[in-house]
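# Examining the three-dimensional arrangement
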Amino acid sequence: MNIHEYQARNLLSEYDISVPKGEVAEDIDQAICIYRKLNNKRAVIKAQVHSGGRGKAGGVRIAENEDDVSRICSEMFGRRLITKQTGKEGKVIEKVLLCEASSIDKELYFALTVDRSSESVTMIVSPMGGVDIEEVSATAPNEIGKIIISTEAGMKDYQAYSAASFLGLNSKQTKVFCRICRNTYRLFIEKDCSLIEMNPLAVSGDELIPVDIKINFDDNGLFRHPEIVELKDEHQENEREAEAFRSNVTYVALDGNIGCLVNGAGLAMATMDAIALHGGKPANFLDIGGGASAKRVEDALRIILMDRNVKGIIINIFGGITSCVSIAEGIVEAVKAVDISVPLVVRLEGNGAKEGKELLERSPIRMTMARSMDCAAIKMIEMLKEMEQ
Ligand code: GDP
Ligand code: MN
């Protein structure tokens with residue numbers, strides 16, 4: 001799960017890391033009030049959208065006076081900001097953050113993230129932070145340092161010192177940096193983060209200022225943090241993904257036309273692979289999870305069909321603890337409740353497959369049964385081709 005920069009700033013403050021003075025505004029009047037509170041100094045106005053690369057897209061602007069504030073805000077509020085990361089649709093700007101502009105000597109990069117290969121939290125730093133960090137990582141990989149943090153031992157001071165020396169910090173800056181490292185690590189662990197990124201972490205004299213902060217959370221840890229779930233901004237998410245989150249269905253929107261309803265993440269990946277192998281394009285990743293109820297199947301079908309690009313649906317179920325019979329009952333009920341006008345291909349295997357198939361065949365639902373995952377993909381792609389002709 002993603003949160004806004006202004007929310008990430010609040011979390012850093014809770015963990016004793018100071019951030020530039022500033023507040024979030026939802027309209028121009030509020031923005032002007034905040035600007036006055038900042039003592040009418042140079043302010044940065046930052047679009048609050050769930051995306052990086054805002055600077056290059058015109059989403060981070062400097063205001064020198066009140067006129068600038070109202071002009072920039074009127075250009076931002078209600079518009080869609082299209083960055084490298086948002087896709088063509090962009091993300092709508094409903095809030096802006098006004099901050100005292102920091103004077104920056106140098107922009108560093110600092111992040112904590114999970115490194116899957118070492119199964120540990122990893123600190124990533126670079127003396128060449130800023131808006132071109134992706135390019136630095138591609139063209140000057142030596143300018144990027146990685147330090148693996150042991151899960152048992154936690155962040156050690158010597159690791160922070162070694163990062164500070166890689167960043168070329170003086171002794172005062174190093175002291176500030178070590179504090180930032182310690183506190184950020186504590187935040188990362190305590191809140192089940194998957195990423196905390198400061199880019200830039202600005203050098204300003206002997207101070208270090210987190211000018212831009214991004215935090216992501218591990219969805220699997222969210223049940224422990226209702227206070228974090230409250231920060232969710234559904235307007236920034238794909239509508240279907242937000243609906244899936246409410247229905248307890250794991251769903252990722254993609255840009256193909258074959259909807260997939262699958263139980264188990266591995267099987268869902270394999271289904272997408274099978275579709276791609278036979279020349280089709282999946283419209284989504286969807287895992288209804290183990291022990292799925294009829295209601296869950298119905299919700300999943302509804303979410304898949306909210307996507308106008310979907311021209312056919314493959315249901316691929318491997319009955320394990322949940323018998324295919326209850327899934328089949330779920331499908332029958334769901335199809336009754338949700339009006340499905342696109343072709344349906346169903347593959348049931350495993351526990352209760354035979355009975356499940358019989359149940360579906362006796363039902364009035366129009367569908368094609370497939371023997372295997374491959375067959376399901378091939379049949380669906382054939383049907384779509386016929387429909388096109
Ligand atoms: P991003 O483009 O979404 O990563 O947004 P950032 O908040 O990182 O802003 C982009 C760039 O704008 C930064 O890398 C800085 O160069 C510049 N910038 C942002 N805030 C300030 C500030 O307070 N003072 C100065 N001098 N530059 C800033
Ligand atoms: Mn940034």
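Worth saying up front: this structure is predicted, and the values here are computed from it rather than measured.

This part takes up the pattern of salt bridges. Counted according to the given criterion, the structure contains 24 salt bridges. Residues E75 and R61 are paired through a salt bridge, measuring 2.8 Å at the closest nitrogen-oxygen approach. Taken together, the positions of E75 in helix α3 (residues 66-76) and R61 in strand β3 (residues 60-63) put the pair 14 residues apart, joining distant regions of the chain. Note on R61: relative accessible area 23%, which makes it partly exposed. Linked by salt bridges that have partners in common, E5, K46, R54 and D212 make up one network.

Our next topic: the site of ligand 1. Ligand 1 sits among 16 residues. The nearest are K46, R54, G55, S102 and E107. One nitrogen or oxygen atom from the main chain of G53 is found 3.3 Å from an oxygen atom belonging to ligand 1. Between ligand 1 and the protein, one listed contact pairs an oxygen atom with a backbone N or O atom of G55 at 2.7 Å. Expressed as a share of its isolated accessible area of 560 Å², the protein-covered part of ligand 1 is 82%. Sorting the residues of the shell around ligand 1 by element identifies β2 (43-47) and β10 (193-204) as the ones contributing at least two each. Grouping the amino acids of the shell around ligand 1 by side-chain chemistry returns 7 nonpolar, 5 polar and 4 charged. Counting only domains with at least three residues in the shell around ligand 1, you end up with domain 1 (21-100) and domain 2 (106-229).

Bound to the manganese ion (ligand 2) on the protein side are N199 (O) and D212 (OD), at distances that span 2.1 to 2.2 Å. Placement of the pair is N199 in strand β10 and D212 in the loop between β11 (207-210) and β12 (213-217), with a sequence separation of 13 residues. Residue class for N199 comes out buried when judged on its relative accessible area of 10%. The exposure class assigned to D212 is partly exposed, which follows from its relative accessible area of 22%.

Okay, the environment of V249 next. Topologically, V249 is positioned in the loop between α8 (239-246) and β13 (250-253). Here V249 falls in the buried class, since its relative accessible area comes to 6%. Once the C-alpha coordinates of V249 and L286 are considered, the two residues, 37 residues apart in sequence, prove to be 7.1 Å apart. Beyond its immediate chain neighbours, meaning those up to four positions away, V249 contacts A244, L286, D287 and R296.

Here is what the cut-offs are and how they apply
- Residues numbered from 1 in each chain as written.
- Chains lettered and ligands numbered in written order.
- Predicted model: local features only at pLDDT ≥ 70, side-chain atom pairs only at ≥ 80, totals over all residues.
- Heavy atoms only, no water.
- Salt bridge = Lys/Arg side-chain N within 4 Å of Asp/Glu carboxyl O.
- Helix = DSSP H or I, 4+ residues; strand = E, 2+ residues; numbered from the N terminus.
- Buried < 20%, exposed > 50% of the residue type's maximum accessible area, 1.4 Å probe, protein only.
- Near = heavy atom within 4 Å.
- Polar contact = N/O pair within 3.5 Å; in protein donor to acceptor, adjacent residues only side chain to side chain.
- Areas by Shrake-Rupley, 256 points an atom, 1.4 Å probe, with all protein chains shown as cover.
- Nonpolar A, V, L, I, M, F, W, Y, C, P; charged D, E, K, R; others polar.
- Domains from an automatic or database assignment.
- Donors = N, O, S within 2.8 Å, 3.2 Å for Na, K, Ca; no water.
- Contact = heavy atoms within 4.5 Å.

Taken by themselves, the reported measurements are silent on function.
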